[in-house]
Amino acid sequence: MSRPPAAAVSESLLAFWAEAGVDAALLETAVDRIAEGQRPLAPRSAPAAAPLRPPAAAAPTRRPHAIEAAREAARSCSDLVSLAAAIEAFEGCPIRFEGTASRAVFSRGPADAPVVVIGEAPGAEEDRAGHPFVGKAGRMLDRMLEAIGLTDRVFITNTVFWRPPGNRTPTPEEQLVCKPFVEQAIRLVRPRLLLLVGAPATRCMLDQTEGINRLHGRWFEWRTTEADLEVPALPTFHPAFLMRTPSAKSMAWSDLKTFAERLNRPSRG
């Protein structure tokens, strides 16, 4: 049996730690900060005079024109069919032109579902099929939803609609460009609850910076950018993370039971 290439192993390990919420690396050798603090400070040398230069323009971190174009295109759609067509025609997300995506991957599931599930991004199998969550992680997601009685009762999409190169995590900028389409999909479906799977989807939809280990199983009130719609949202672990980390399955199951309990509460009035 051949071993996976070192690059693939490293990428998988980095993905594991990113999904767990790790955002800083430690040194291999401990540093005695107390001893360092007792050392005398070195004399500060005067900095060399630098030639005057005109201030450089700050590099843009977002694509305001693309975001506005996405917002206009999304709000013009009155149903999911036209929204899917608008996404397919949209050229403002840079992932689309990076060489690995062959098509836009928008959604699967009924248009009147009581639950919208939002993941991260399509992978290779999703790119081939044209639907989200159809690979191994998708099959596991289906089993998770079946366990709480949600078979064929969820509308599934992602924060971005094109496969990132090497299945990398989409950047916040790429997610922001696609976010108006995600919001419009939620407006059109009008679900009772949102299920956010994985740290990237949770951070994007809830504007959170904490890792999924801290956020999972907690209820949040998600609202559109225009604040015209508000839906309760629960983050949980991504199925791909659970496949790499079976020890987290018990926590995910607890999240799903919490989710099902709220969904199945009798409606008031």
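Residues numbered from 1 in each chain as written. Predicted model: local features only at pLDDT ≥ 70, side-chain atom pairs only at ≥ 80, totals over all residues. Heavy atoms only, no water.

A. Broad picture of the state of the cysteines. Applying the stated criterion across every chain yields a total of 0 disulfides. Note on Cys93: no disulfide assigned, nearest cysteine sulfur contributed by Cys178 at a separation of 3.8 Å. Of the cysteine sulfurs around Cys204, a residue in no disulfide, the closest is that of Cys178, at 8.8 Å. A relative accessible area of 8% means that Cys204 is categorised as buried. (Disulfide = S-S within 2.5 Å. Buried < 20%, exposed > 50% of the residue type's maximum accessible area, 1.4 Å probe, protein only.)

B. How the structure looks around the nonpolar core. Ranked by internal contacts, the top residues of the largest apolar core, which has 41 residues, are Leu83, Trp162, Phe181, Ile186 and Trp222. Those elements giving two or more residues to this core turn out to be α3 (64-75), α4 (80-89), β1 (115-119), α7 (172-189), β3 (193-197), α8 (199-206), β4 (220-223) and β5 (230-236). Leu141, Leu150, Phe237 and Ala248 belong to the second largest nonpolar core, which has 26 residues in total. (Core = buried A, V, L, I, M, F, W, Y, C linked by side-chain atoms within 4.5 Å. Helix = DSSP H or I, 4+ residues; strand = E, 2+ residues; numbered from the N terminus.)

C. Representation of the sheet that holds strand β2 (residues 154-158) in the model. The strand order β2-β1-β3-β5-β4 describes an open sheet built from 5 strands, whose pairing is mixed. Every interior strand has two partners, whereas the edge strands, β2 and β4, have only one. This sheet shows a mean twist of 30° between the axes of neighbouring strands, independent of strand direction. Pairing between β3 and β5: 4 bridges, direction parallel. Within β5, the residue paired with Leu196 across the bridge is Pro235. Sitting on the sheet, α7 touches β1, β2, β3, β4 and β5, and the angle it makes with β1 is about 165°. The sheet strands contacting α8 are β1, β3, β4 and β5, and the helix crosses β3 at an angle near 135°. (Pairing = 2+ DSSP bridges. Axes fitted to C-alpha atoms, helices over the stretch in contact; angles between N-to-C directions. Contact = heavy atoms within 4.5 Å.)

D. Representation of the packing of α7 against α8 in the model. Two numbers describe how α7 lies on α8: the axes approach to 11 Å, and their chain directions differ by 80°. As the angle between them shows, α7 and α8 are arranged roughly perpendicular. Note on element contacts: α8 touches α7 through Pro200, Ala201, Cys204 and Met205, opposite Gln175, Lys179, Val182 and Ile186. Of the residues contributing to the contact of α7 with α8, the split by class is 6 nonpolar, 1 polar and 1 charged. (Parallel < 35°, antiparallel > 145°, perpendicular 65-115°, else oblique. Nonpolar A, V, L, I, M, F, W, Y, C, P; charged D, E, K, R; others polar.)

E. Fine view of the side chain of Glu183. Mapping Glu183 onto the fold places it in helix α7. Despite its burial, Glu183 pairs with no opposite charge; the closest candidate is Arg187, at 4.0 Å N-O. The contacts of Glu183, once residues within four sequence positions are left out, are Trp222, Arg223, Thr224, Thr225 and Glu226. (Lys, Arg positive; Asp, Glu negative; His and termini not counted. Salt bridge = Lys/Arg side-chain N within 4 Å of Asp/Glu carboxyl O.)

F. Seen up close, the packing of aromatic side chains. In this structure the tally under the stated criterion is 7 aromatic pairs. Judged by centre distance (5.9 Å) and plane angle (20°), the ring pair of Trp219 and Phe259 falls under stacked. Of the two residues, Trp219 sits in the loop between α9 (212-215) and β4 while Phe259 sits in helix α11 (residues 249-263), which places them 40 residues apart along the sequence. Grouped by ring-pair contacts, the aromatic residues Phe90, Phe106, Phe155, Phe161, Trp162 and Phe181 constitute a single cluster. Against the face of Trp219 rests Arg262, its NZ or CZ located 4.5 Å from the ring centre. (Phe/Tyr/Trp six-rings, centres within 6.5 Å; stacked < 30°, edge-to-face > 60°. Lys NZ or Arg CZ within 6 Å of the ring centre and 35° of its normal.)

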